[in-house]
Amino acid sequence: MGFTEIPCIPVESLAAFASNGALVGRQGRARLSSLDANLFPPSPSPPLPPTTHISIQRPGPPPCPMSVRSLTLASWRGGGAFKLLPLLQLLQGHSGVCLQPRRNMMGTFSSGFLLCSLLVLLQKPGAQGVPPQVRGHLCRTRPTDLVFIIDSSRSVRPREFEKIKVFLSQVIESLDVGPNTTRVGVVNYASAVKHEFPLKAHGTKASLLQAVRKIEPLSTGTMTGLAIQFAINKAFSEVEGARLKFPEISKVAIVVTDGRPQDGVKDVSARAKESGIELFAIGVGRVDKHTLRQIASEPLEEHVDYVESYSVIEKLSKKFQEAFCVVSDLCATGDHDCQQICNSSPGSYTCSCHDGFILNSDGKTCSACSGGGGGSATDLVFLIDGSKSVRPENFELVKRFISQIVDSLDVSDKMAQVGLVQYSSSVRQEFPLGRYKTKKDIKAAVKKMSYMEKGTMTGAALKYLIDNTFTISSGARPGAQKVGIVFTDGRSQDYINDAAKKAKELGFKMFAVGVGNAVEDELREIASDPVAEHYFYTADFKTINQIGKKLQNKICVEEDPCACESIVKFQTKVEELLQALTQKLEAVTKRLAALENNVI
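Note that the coordinates shown come from a computational prediction; the quantities given were computed from them, not determined experimentally.

Trainee: For this particular structure, what's the right way to read the overall build of the protein?
Mentor: The secondary structure content of the protein amounts to 17 helices and 27 strands. In the protein, which comprises 600 residues, the share counted as buried stands at 49%. Of the contacts made within the protein by residues no fewer than 6 positions apart, 72% connect residues no fewer than 24 positions apart. When the accessible surface of the protein is split by element, carbon and sulfur atoms take 54% of a total near 28400 Å².

Structural data, given as structure tokens:
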């Protein structure tokens, strides 16, 4: 039988006593009950022999000062043997000392792997001995005590309540659920409060999702303050599964409501925040937005969300998936589909290509550039939603988004010209095509743009684009490619289909960018074919810069793919270097603070 490598364990000797459910060593103890029950399912295979001795041999120089010399495994009296396959999988990729079975009175016992696995589990760091697990295609989530506080009052119709349950399930799907990772509880409220299940109730994702499916609406009043008080007193108590002795484990509550509460929320929410609970407030439809701000933790722009109906609440699940994400270097783990270069970002990644290649429309594969020069002239117009739902702070992010796109263009009389139109209840041309001849002047004009703050007449804005903006009298050039980028954050208050169809029939290349409450059917209606390459959506204004990067590539391809790709790659590299420098500075600051504390 071959050797299997495991990490070295810094104890002189260790005995595993499975009969009483504990692992006991000279330097510590770890309960078997704290391990994932799925790891040790009962098996009909023969039970383990009563005693098995394992010898540990070093393959070379000692990797640590001390190592395990010998081990003893007592017989398992808990009702069956272990399945070894999951445990063997735990050993893959580890290095250190070697494990070799030694003959005992029952002969050679080849299942000594089991002890290796237990040792590997025993020495893992993290809260209560087990670290966050890696979520395959997204990221790793931090250990959290998460409680959903959901409004099921009379105003929430049964079909709408089902949408809430879908939202809960989508967030849960993205988490590392387990007794030692993330625990989830649900508080259902109306005139009274019902504890659907506590934090300690479900140790697996499957059982959690099943429990969510069984939740029924209460269909009475709206006592939001009472529900938050219940969360403080009961849901986040140690007896219900909250890990109060572990301050590194976040306590998070997500409140979902659609109306004005019949009791006060300000004082009770303040008490919740003082007790260390981070509060997110999600409002739907006719909700009182002032109430949401009273409930939520600071900064409010990160903890308050509003959707116009329950039919779009599922869009917020992505925001919370990203919020719980801690580590996500998908490029390093190889969990990506990039043909040439993978660029990692929190919870995601982007692909790029080596010099002389251009990224294909699938965003993953690369093609050789056909040659430089000869780029085509482009008339690019931004059609920006300035409605009141955008909010002033987000409007500033939109202006940065525009400048980000402008930075990637070759602005000149022969290449790219830029125009800007803002709309709300009416349409206003900020500046026409060709007025500004340099990137600097365009970005300065964008910065000065004032916020209109009214309704959302996207159809009227598209008609204006056709009838006025892309005309010769407004600076458009015959033969130049016409590109429109429509940016919106909500449902249009007028009809868009005819204008969207006409724009595409006239040969305009239309990109649709939606944020927050934007209606994806409307975005698809605006976008050129193939639709999947011309419309973009994100739940949060703070992530629109990622859309900006994608648009840079797509607009550039029409001019000079290879030259433009180099510009974008250079910008990306600079951003990565600045981010790395910022992280290093933060690390230095923390070390200095730690040194100061030690000195004091």
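Trainee: Just to check I follow, could you spell out the state of the cysteines for this structure?
Mentor: A covalent bond between the sulfur atoms of two cysteines is what we call a disulfide. One pass over the full model with this rule turns up one disulfide. The disulfide partner of Cys-338 is Cys-351, and the S-S distance across this bridge is 1.9 Å. Because the sign of the S-S torsion sets the handedness, a value of about -80° for the bond joining Cys-338 and Cys-351 places this disulfide among the left-handed ones. With a gap of 13 residues between them, Cys-338 in the loop between α10 (330-333) and β18 (341-345) and Cys-351 in strand β19 (residues 348-352) connect regions that are remote in the sequence. Of the residues examined, Cys-338 reaches a relative accessible area of 11% and is grouped as buried.

Trainee: For this particular structure, what's the right way to read unusual backbone geometry?
Mentor: Where the residue is not glycine, phi is negative for most of them; where a peptide bond is considered, it is trans in most cases. Note that the residue after Glu-298, namely Pro-299, is joined by a cis bond; omega there is -10°. Inspection of the secondary structure puts Pro-299 in the loop between α7 (289-295) and α8 (300-303). Following Asp-529, the chain continues into Pro-530 via a peptide bond in cis, with omega recorded as -10°. Structurally, the position occupied by Pro-530 is in the loop between α15 (520-526) and β27 (535-538). At Glu-453, a residue that is not glycine, the phi angle is positive and equals roughly 60°. With respect to the helices, strands and loops of the structure, Glu-453 is situated in the loop between α12 (439-448) and α13 (458-469).

The rules behind each value
Residues numbered from 1 in each chain as written. Predicted model: local features only at pLDDT ≥ 70, side-chain atom pairs only at ≥ 80, totals over all residues. Heavy atoms only, no water. Helix = DSSP H or I, 4+ residues; strand = E, 2+ residues; numbered from the N terminus. Buried < 20%, exposed > 50% of the residue type's maximum accessible area, 1.4 Å probe, protein only. Contact = heavy atoms within 4.5 Å. Areas by Shrake-Rupley, 256 points an atom, 1.4 Å probe, with all protein chains shown as cover. Disulfide = S-S within 2.5 Å.

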